[in-house]
Amino acid sequence: MAQVRKASAREAAPAPPATPWSPDTEPPLTARSVLASTLLGADPPELPVAHLVRVAGLFGINDNRTRVALSRMAASEEAEARGDGRYALAGHLLDRHRRQAASRAGRTRDWDGTWVVAVVTTAGSGAEVRSRRRAALARSRLAELREGVWIRPDNLALTLDDEVAADTMVLAGARDVPGDVAADLWDLAGWGGRAQALLAALAARTPEVPEDLAPGFVLSAAVLRHLQADPLLPEALLPPAWPGTSLRRAYDGWDAAYRRLLARWTTA
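Residues numbered from 1 in each chain as written. Predicted model: local features only at pLDDT ≥ 70, side-chain atom pairs only at ≥ 80, totals over all residues. Heavy atoms only, no water.

Draft legend 1. A look at the pattern of salt bridges. Considering all chains together, one arrives at 18 salt bridges under this definition. Its salt-bridge partner being aspartate 255, residue arginine 104 comes within 3.2 Å of it at the nearest N-O pair. Of this pair, arginine 104 sits in helix α4 (residues 91–105) while aspartate 255 sits in helix α10 (residues 244–267), placing them 151 residues apart in sequence. With a relative accessible area of 25%, arginine 104 lands in the partly exposed category. (Salt bridge = Lys/Arg side-chain N within 4 Å of Asp/Glu carboxyl O. Helix = DSSP H or I, 4+ residues; strand = E, 2+ residues; numbered from the N terminus. Buried < 20%, exposed > 50% of the residue type's maximum accessible area, 1.4 Å probe, protein only.)

Draft legend 2. Expanded view of the packing of helix α2 (residues 49–57) against helix α3 (residues 63–75). Look at α2 against α3: their axes get within 9 Å of each other, and the N-to-C directions meet at 120°. When the interaxial angle is binned, α2 and α3 end up oblique. Helix-helix and strand crossings are classified by hand; for α2 and α3 the assignment is right-handed. Here Val49, Leu52, Val53 and Ala56 of α2 lie close against α3, whose contacting residues are Asp63, Thr66, Arg67 and Leu70. Considering only residue class, the contact of α2 with α3 consists of 5 nonpolar, 1 polar and 2 charged. (Axes fitted to C-alpha atoms, helices over the stretch in contact; angles between N-to-C directions. Parallel < 35°, antiparallel > 145°, perpendicular 65-115°, else oblique. Left-handed = near helix turned anticlockwise from the far one by under 90°. Contact = heavy atoms within 4.5 Å. Nonpolar A, V, L, I, M, F, W, Y, C, P; charged D, E, K, R; others polar.)

Draft legend 3. Layout of the packing of aromatic side chains. Taken as a whole and judged by the stated rule, the model has 5 aromatic pairs. Between tryptophan 254 and tyrosine 258 the ring centres are 5.3 Å apart and the planes differ by 15°, which places this aromatic pair in the stacked class. Of this pair, tryptophan 254 and tyrosine 258 both sit in helix α10, 4 residues apart, which is roughly one turn of that helix. Tyrosine 258 matches tryptophan 254 in its accessibility class, with the two residues each being buried. Grouping aromatic residues by their ring pairs yields a cluster made of Tyr251, Trp254 and Tyr258. Residue placement shows arginine 54 over the ring face of tryptophan 265; its charged tip is 4.1 Å from the ring centre. (Phe/Tyr/Trp six-rings, centres within 6.5 Å; stacked < 30°, edge-to-face > 60°. Lys NZ or Arg CZ within 6 Å of the ring centre and 35° of its normal.)

Draft legend 4. Layout of the packing of helix α1 (residues 31–40) against α4. Interaxial distance between α1 and α4 falls to 10 Å at its minimum, and their mutual angle equals 50°. Taken together, α1 and α4 sit at an angle that is classed as oblique. For the pair α1 and α4, the sense of crossing is right-handed. Contact residues: α1 offers Arg32, Ala36, Leu39 and Leu40, while α4 offers His92, Leu93, Arg96, His97 and Gln100. Residue composition of the contact of α1 with α4, grouped by class: 4 nonpolar, 3 polar and 2 charged.

Quick look at the structure:
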């Protein structure tokens, strides 16, 4: 195989414009999804019940439905009740909060041209185990080169769930990877186009009045989900004018304004 060709991703044809973002393009919100997103957006991820009830009310979810949803989240170990009238994230949602924070920061290390390869060494796993393994490898920003072989540039600290690590051999230092493989393994054009649409939405929807809270909540969740899908590749493998850094910077400023508005509204 050829050595990494740094210009390969930059030679790709530009993506067509993405569909403009609007709240109607997002999945419908349930009581659980509103509560989970609210807690995921808090740091630390715990909030008073009264705050959660009020935010849920933005979407027509009444007090009773909110408390039932919180109880169900506690029963499924997604949240836990604190003795001071607060709920905190737990279990896989707490893990998601950590991943979300890392995705929002977007930190990488200098890349020396090497790749890391994760090879699944366990045969005969059931469909459920294989599905969980694939999801965990994708969350670690690896991409499947072929069945059971996952790779990415070695510019991130790779962490695998314990269950996945037990079934996987990780090899670092691969160098004979063509540079154009990144565009084949990750939908860079799609991610970039969606990021540009979200950037435009952030610029057009500065949170200023209470009526901005509900659509802003949906927009915030959409941006955070999208950042988690950023492959965080080295610059040499990205198309020109990659919008990852721009989206993070724009969201930081927008989120600060949203939090100020939300704090004023919840304490009014």
